[in-house]
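# Breakdown of the fold
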Amino acid sequence: MDCRNLEITVVSAKDLEDVRVFFGKTAVHARVSISGKAATATERRTPTDRHGNKNPAWNFTTSYTVTEAMVQGSSRMLVVKLYCDSNAGDIYIGEVHISLRELFESATVNSQAGLNEKGGSVGGGGPRSAVMISPVMKGGVQSLGSLTIAYSFGEMVTIDNVLMSETIAPLLLQRRL
């Protein structure tokens, strides 16, 4: 099974909708996941930014091991949901969905290891990275604001055993970075 490490940094959001009903600052956190059968198992949460109000900054980095089939297919999405902390529970602000394929195709090869002598990409197996700014959506309609993420795909590695992929793959991928 071919797989890669996907490292995502949720950098910041800008001009978010103010969802607070009463006075006070908007304290925002993000929940990051990869869509699919185990989306809740892949969810990671940023710390809450209590100072940025409608322009929070996190610089929160997390990583996932993704198979090449997930990257090349069009159904797997990176999902980032934004929430405002409240005493009555989290208030939904909006979300961003980006296909893993779009992320991969938008990224540029960032090391000479993935280039041929003419500077062209060799097989797409090398590390790639990019920064992307996406509009925040709410209910299928563009909401206020945008989200900035930085991300990188590690080199492709082949893992022969599914059990090994769940236990050792993250270690192998981190060593290669």
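The notes below deal with the structure included here. As the structure is a prediction and not an experimental result, all values here were calculated from the model. (Residues numbered from 1 in each chain as written. Predicted model: local features only at pLDDT ≥ 70, side-chain atom pairs only at ≥ 80, totals over all residues. Heavy atoms only, no water.)

A few words now on the overall build of the protein chain. The helix and strand tally for the protein chain stands at four helices and ten strands. When the elements of the protein chain are put in sequence order from the N terminus, they spell out β-β-β-β-α-β-β-α-β-β-β-β-α-α. Out of the 177 residues belonging to the protein chain, those deemed buried represent 41%. A fraction of 65% describes how many contacts in the protein chain between residues 6 or more apart in sequence connect residues 24 or more apart. Entry remark: accessible area of the protein chain is about 9600 Å², with carbon and sulfur atoms responsible for 52%. (Helix = DSSP H or I, 4+ residues; strand = E, 2+ residues; numbered from the N terminus. Buried < 20%, exposed > 50% of the residue type's maximum accessible area, 1.4 Å probe, protein only. Contact = heavy atoms within 4.5 Å. Areas by Shrake-Rupley, 256 points an atom, 1.4 Å probe, with all protein chains shown as cover.)

Attention now moves to the nonpolar core. Counting 34 residues, the largest nonpolar core has Leu78, Leu82, Leu103, Leu147 and Tyr151 as its most contacted members. Among all residues touching leucine 78, those that are not within four sequence positions of it are Ile8, Val32, Ser33, Ile34, Val96, His97, Ile98, Leu100, Leu103 and Ile149. (Core = buried A, V, L, I, M, F, W, Y, C linked by side-chain atoms within 4.5 Å.)

Here the focus is the packing of aromatic side chains. In total, this model carries three aromatic pairs according to the counting rule given. Here the aromatic rings of tyrosine 83 and tyrosine 92 are separated by 5.8 Å at their centres, their planes lie at 65 degrees, and the arrangement is edge-to-face. Under the relative-accessibility criterion, tyrosine 83 is labelled buried at 12%. With centroids separated by 5.2 Å and ring planes inclined at 85 degrees, the aromatic side chains of phenylalanine 104 and phenylalanine 153 adopt a geometry described as edge-to-face. On the criterion of sequence distance, the pair formed by phenylalanine 104 in helix 2 (residues 100–106) and phenylalanine 153 in strand 9 (residues 141–153) is long-range, its members being 49 residues apart. Under the relative-accessibility criterion, phenylalanine 104 is labelled buried at 7%. (Phe/Tyr/Trp six-rings, centres within 6.5 Å; stacked < 30°, edge-to-face > 60°.)

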